[in-house]
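Single-letter residue listing:
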Amino acid sequence: MMNFKPPETKTTSFPTAEKAFSLISKGWKEVRSSADADLQLIRNRANSFKNLADKELENFLNSASKSPFIVPTITATATTTAAPAEIDFVKKLKPKLSEIRRAYSSPDFKWAPKGKLKLDLSGIKNAEDEEEDERLGKWRRQRFKDEGQFGELNWEPIKAFSDRLRELEVELKSPSSSPVEIFEGIKNSEFVEKVKSSLKSICKEPEETKGVPPLDVPELLAYLVRQSSPFLDQIGIRRDISDKIVESLCSKQQNKLLLRALPEGESSLIEGDNMNDELDLRIASVLQSTGHHYEGGFWSDSTRKNISEGKRHVAIVTTASLPWMTGTAVNPLFRAAYLAKSEKQNVTLLVPWLCESDQELVYPNNLTFSSPEEQELYIRNWLEERVGFKTDFKISFYPGKFSKERRSIIPAGDTSQFIPSRDADIAILEEPEHLNWYHHGKRWTDKFNHVVGIVHTNYLEYIKREKNGALQGFLVKHVNNWVTKAYCDKVLRLSAATQDLPRSVVCNVHGVNPKFLKIGEKMAAERQSGEQVFSKSAYFLGKMVWAKGYRELIDLLAKHKSDLDGFNMDVFGNGEDAHEVQTTARTLNLNVNFMKGRDHADDSLHSYKVFINPSISDVLCTATAEALAMGKFVVCADHPSNEFFRAFPNCLTYSTSEDFVAKVKEAMSSEPQPLTPEEQYKLSWEAATQRFMEYSDLDKVLTSETRRDGRSSRKGMGKSVSMPNLGGMFDGGLAFAHYCLTGNEFLRLCTGATPGTRDYDKQHCEDLHLLPPQVENPIYGW
């Protein structure tokens, strides 16, 4: 039978722990001994000072009682030494000093309290201590400002530590206590827990160093619903319902995150209106923790949206730009300048950028630009020369292509993406039907709080003149209704000549270049001084295409050629139909002189007295308003497009061809009346801007209350979540169907779209410094 010997138990850890506590106890004793030695030294110095004071007082008393004071006596003739004499105050002081000496020398003498026998310097000491404490406090606050807040220093753990060390010393010396029991007692003692909690409170880890928890599944689903809200809105799920879904998905997680960051005893209620903001900030914090920096995206609407100085933002989007002298290039430019002049809102003008090959087809005098910055400089110089003040608004460009068939510029790609989300507040669409015929992108009313459309052109009148015009007009009429209803909150028609569109009102919101009003004032002043200012007869100015009134003009002059014998007329304009128009006029042997197009404010046009405009395709002819501002006669058709001008005495309207002849003769044989101040103001851009603010409801929108993210509450809550808005569902359905149809290139081409306008091309990427379309708009994005 083998003898089993158990292994030896290693106890090296116990002596090690015992030595450690012994060392701590020894160190504490040394500190206490050192403090006792310092206190003893202070006592010895105090006693020494006391003995020295006693000796000095003894010497003073002895000298006062034995040695008399001797003072010299000074006379006028000689200096002698007077007899010794005691000073009076010493005589009086001597009995008191004797009493003090006897009392002080008595063995029963005891010192009186400090306040009675010594000067009370505690006030000075306290003041110095307070000053020192204040300096130390400032130093401590400055030192620990960035390291966390210590609060009031609590020395209770130190005292408890000292007491516990004494107890440990006793327990270690006690033979009844084993090292294991002592060690376990230390480990599980309440004292250790207090020390640990105190150290944690002092050395608190900054919140910035903590990792941001990743997004959980409900948060990802909530953000997916948020991102898909335009799509859900288009299929009839209202935005407030989407917000409810987002709120229910992320409320629990948001509350948990907020409560984790709050001190105990405090709570926070997350309002439903703030849930979207909390979700955006949560996602932004996660992205920031990963080091990812993204300048766009859906969350930037709330986290980056900034209404500087409390201002709203107005984006004006138009279909043409200078130097193309057309109404949709000039009027939006003046609108941007005068809206920005009021300094009540920030303004951005978004105009099309044409590649150089298209610029050569559109811009007059072979004028081209190599960069958007060069064209912007040209636009600003032209504008500031005419308005007379420094313009303060932003000019941006979007890709566009010129369509020879439609003789207009068609946007390429999603035009709305060129207005940053942080500036997407109020949109003014100049020619909304034109901008949205082939718009394949984000819905304007989803991105912007308020969308106003301004109808410039009577497209139905133009289309009727083309082949199969009746059928095309029927289709375009319904398409215009479709896109304006789906993309606009309010539509302004410059005159009743345009088709009646949903949510539309008729109002002239265009003004006249201030330069024309100054020309009119100058001409009126010269006429009052007796000068002859009108030395030429009649003229017409406009783009030389048949639809701009050239057909009506040639027909009237040819029909009444004999009635207008001796009547000569000058025509200024450039255009695609120039050769055909001129050939027709020469064939009919009309007294018409054709000249190249020029600015209506050109000095060579000031001396004409009569402006003839027979066009019935215009909505509101800018040239007619400019001629009236210069103090000329205007002969125009009795048409809804001229309704605004009828109130001016110099406007002569005709309804028949015979009436046309009579009005021309009347204008040629008489002098126009100078404009009154009221008439001048009615033509000005100040009055036009005021009318625009009123009829577009923009004055109400700009003064309405805004939400926390800076976006106004454009659409209020419905009567009930369970009662859907049928009108909103219908508009959303129209927008979704339009989005699907315009996404198919074959359908686009069948409806007359310019090839390659669904997305911008490579040349646009180079000119405007854009990412390729497949990168900017990936196929998996909404």
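Up top is the structure.
In this text the structure is predicted, and so the values were computed from the model without any measurement. (Residues numbered from 1 in each chain as written. Predicted model: local features only at pLDDT ≥ 70, side-chain atom pairs only at ≥ 80, totals over all residues. Heavy atoms only, no water.)

Chemist: Break down the sheet that holds strand S4 (residues 345–353) for me, with residues and values.
Modeler: Strands pair in a sheet through their backbones, by hydrogen bonds, and they do so in one of two ways: parallel or antiparallel. The sheet built from 8 strands is open, its strands ordered S6-S5-S4-S3-S7-S8-S9-S10 with mixed pairing. The open sheet is flanked by strand S6 (408–411) and strand S10 (504–506), the only strands paired with a single partner. Adjacent strand axes in the sheet meet at a mean angle of 30° when their direction is disregarded. Note: strand S3 (residues 312–317) against strand S7 (residues 426–430), 4 bridges, orientation parallel. For Val317, the partnering residue across the bridge sits in S7 and is Leu429. Against the sheet, helix H26 (residues 685–695) makes contact with S7, strand S8 (450–455), strand S9 (490–493) and S10, and its axis sits at roughly 145° relative to S9, the strand it touches most. (Pairing = 2+ DSSP bridges. Helix = DSSP H or I, 4+ residues; strand = E, 2+ residues; numbered from the N terminus. Axes fitted to C-alpha atoms, helices over the stretch in contact; angles between N-to-C directions. Contact = heavy atoms within 4.5 Å.)

Chemist: Which residues make up a nonpolar patch on the surface, and what are the values?
Modeler: Together, Val217, Leu221 and Leu224 make up a nonpolar patch on the protein surface, roughly 260 Å² of accessible area in all. For Leu221, the location among the structural elements is in helix H8 (residues 217–227). Taking the relative accessible area as the measure of exposure, Leu221 reaches 40% and is therefore partly exposed. (Patch = residues over 30% accessible without salt bridge, like charges linked within 9 Å, V, L, I, M, F, W, Y side chains within 5 Å. Areas by Shrake-Rupley, 256 points an atom, 1.4 Å probe, with all protein chains shown as cover. Salt bridge = Lys/Arg side-chain N within 4 Å of Asp/Glu carboxyl O. Buried < 20%, exposed > 50% of the residue type's maximum accessible area, 1.4 Å probe, protein only.)

Chemist: Account for the sheet that holds strand S15 (residues 633–637), naming residues and giving values.
Modeler: Judged by pairing direction, the sheet is parallel, and its 6 strands sit side by side in the order S13-S12-S11-S14-S15-S16 without closing on themselves. Among the strands making up the open sheet, the edge pair consists of strand S13 (592–595) and strand S16 (651–654). Taking each pair of neighbouring strands and ignoring which way they run, the sheet shows an average axis angle of 25°. With 4 bridges joining them, strand S12 (residues 569–572) and S13 adopt parallel strand pairing. Bridge assignment links Val571 to a residue of S13, and that residue is Phe594. Those strands touched by helix H21 (residues 550–559) are strand S11 (536–541), S12, S13, strand S14 (608–613) and S16, and its axis lies near 165° from that of S12. Against the sheet, helix H23 (residues 622–629) makes contact with S11, S14, S15 and S16, and its axis sits at roughly 160° relative to S14, the strand it touches most.

Chemist: Account for the side chain of Ser641, naming residues and giving values.
Modeler: Position of Ser641 relative to the elements: it lies in the loop between S15 and S16. When its relative accessible area of 2% is taken as the criterion, Ser641 is described as buried. Polar side-chain contacts of Ser641 include one of 2.9 Å to the side chain of His639. Beyond its immediate stretch of four places on either side in the chain, Ser641 contacts Ser495, Ala497, Asp618, Val619 and Leu620. (Polar contact = N/O pair within 3.5 Å; in protein donor to acceptor, adjacent residues only side chain to side chain.)

Chemist: Got a sec to walk through the packing of helix H13 (residues 327–341) against H26? Specific residues and values, please.
Modeler: Running from N to C, H13 and H26 point in directions that differ by 80°, and their axes come no closer than 10 Å. By the angle between their axes, H13 is roughly perpendicular relative to H26. The segment H13 lies against H26, with Asn331, Phe334, Arg335, Tyr338, Leu339 and Lys341 engaging Trp685, Glu686, Thr689, Phe692 and Met693. Its residues assigned to classes, the contact of H13 with H26 shows 6 nonpolar, 2 polar and 3 charged. (Parallel < 35°, antiparallel > 145°, perpendicular 65-115°, else oblique. Nonpolar A, V, L, I, M, F, W, Y, C, P; charged D, E, K, R; others polar.)

Chemist: Report on the environment of Gln680, specifying residues and quantitative values.
Modeler: Turning to its location among the elements, Gln680 is positioned in helix H25 (residues 677–683). Through-space distance from the C-alpha of Gln680 to that of Gly520 is 9.3 Å; in sequence the pair is 160 residues apart.

Chemist: A description of the pattern of salt bridges should follow, citing residues and the corresponding values.
Modeler: Applying the stated criterion across every chain yields a total of 15 salt bridges. The salt bridge involving Asp697 is made with Lys490; its shortest N-O contact spans 3.0 Å. With Asp697 in the loop between H26 and helix H27 (698–703) and Lys490 in strand S9, this pair connects stretches of sequence that are 207 residues apart. By relative accessible area, which is 23% here, Asp697 ends up partly exposed. The class for Lys490 is buried, based on a relative accessible area of 14%.

Bear in mind that shape data such as this cannot, by itself, settle questions of function.
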